[in-house]
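# Coordinates in review
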Amino acid sequence: MNNCIVCKGDLENRKTNFVADLGNCIIIVKDVPSQVCSQCGEVSYSHEVAMQLEKIVNRMKDSLTEVAIVHYSNTAA
Ligand SMILES: [Zn+2]
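If you're wondering where the values come from, they're calculated on a predicted model, not measured in any experiment. (Residues numbered from 1 in each chain as written. Predicted model: local features only at pLDDT ≥ 70, side-chain atom pairs only at ≥ 80, totals over all residues. Heavy atoms only, no water.)

### Side note on the nonpolar core
Applicable threshold: Buried Ala, Val, Leu, Ile, Met, Phe, Trp, Tyr and Cys residues form a nonpolar core when they are joined through side-chain atoms within 4.5 Å. The classification of residues rests on relative accessible area computed with a 1.4 Å probe and restricted to protein chains. Under 20% of the type maximum is buried, over 50% is exposed, and intermediate values are partly exposed. Each helix is a run of DSSP H or I of at least 4 residues and each strand a run of E of at least 2, with the numbering of both proceeding from the N terminus. Two residues qualify as a contact provided that any one of their heavy atoms is within 4.5 Å of a heavy atom in the partner residue.
The biggest cluster of nonpolar side chains holds 13 residues, and the ones touching the most others in it are Ile27, Val29, Val32, Leu53, Ile56, Met60 and Tyr72. Take this core: its biggest share by element is five residues, from helix α1 (residues 47–60). In this structure Val29 touches Thr16, Asn17, Phe18, Leu53, Ile56, Val70 and Tyr72, once residues within four positions along its chain are discounted.

In structure tokens:
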């Protein structure tokens, strides 16, 4: 198991909400698998999850909605 890059605390696997503020629209991805520091609350993502989040944001940013909410589990290919 990895340790927090900020405080070296223990990381626990937890689902979190990822929010991307693109200025003209906000994308919220719910229930993203992530590692959360039990000490400082720093959230980090695995490489695969980070790539998937980038894909989701790229796909959603062309939509005209101001706030888009998606569930991570619905987007995993
Ligand atoms: Zn920490």
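### Let's talk about the environment of Gln39
Turning to its location among the elements, Gln39 is positioned in the loop between β2 (26–37) and β3 (43–44). Each C-alpha atom, one on Gln39 and one on Gly9, is 5.7 Å from the other, the two residues being 30 residues apart in sequence.

### Re the coordination of the zinc ion
Put simply, the rule is: Because water is not among the atoms used, a metal site may look incomplete, as its donors are only the N, O and S atoms within 2.8 Å, or 3.2 Å for Na, K and Ca. Think of it this way: with four donors and all angles in the 85 to 135 degree range, the site is tetrahedral; with four or six donors, opposite ones beyond 155 degrees and the rest between 65 and 115, it is square planar or octahedral; otherwise it is irregular.
For the zinc ion, the protein coordination sphere consists of Cys4 (SG), Cys7 (SG), Cys37 (SG) and Cys40 (SG), at 2.3 to 2.4 Å. For the zinc ion, the four donor atoms in the first shell make angles of 100 to 116 degrees at the metal, a pattern classed as tetrahedral. Mapped onto the sequence, the residues coordinating the zinc ion show the spacing C-x2-C-x29-C-x2-C.

### Here we look at α1
Just so we agree on the cut-off: Expected span of a helix, by definition, is 1.5 Å for each gap between consecutive residues, and there is one gap fewer than residues. This arc corresponds to the set of directions leading from the helix axis out to the C-beta atoms.
The end-to-end C-alpha separation of α1 is 20 Å, in line with the 20 Å expected for 14 residues at 1.5 Å each. Along α1, the positions that sit buried rather than exposed are Val49, Gln52, Leu53, Ile56, Val57 and Met60. The buried residues of α1 occupy one face: seen down the axis, they fall within an arc of 140 degrees. Those residues of α1 that are exposed and angled more than 90 degrees off the buried face are His47, Glu48, Glu54 and Arg59. In this fold, the buried residues of α1 make contact with β1 (11–21), β2, β4 (67–71) and α2 (72–75).

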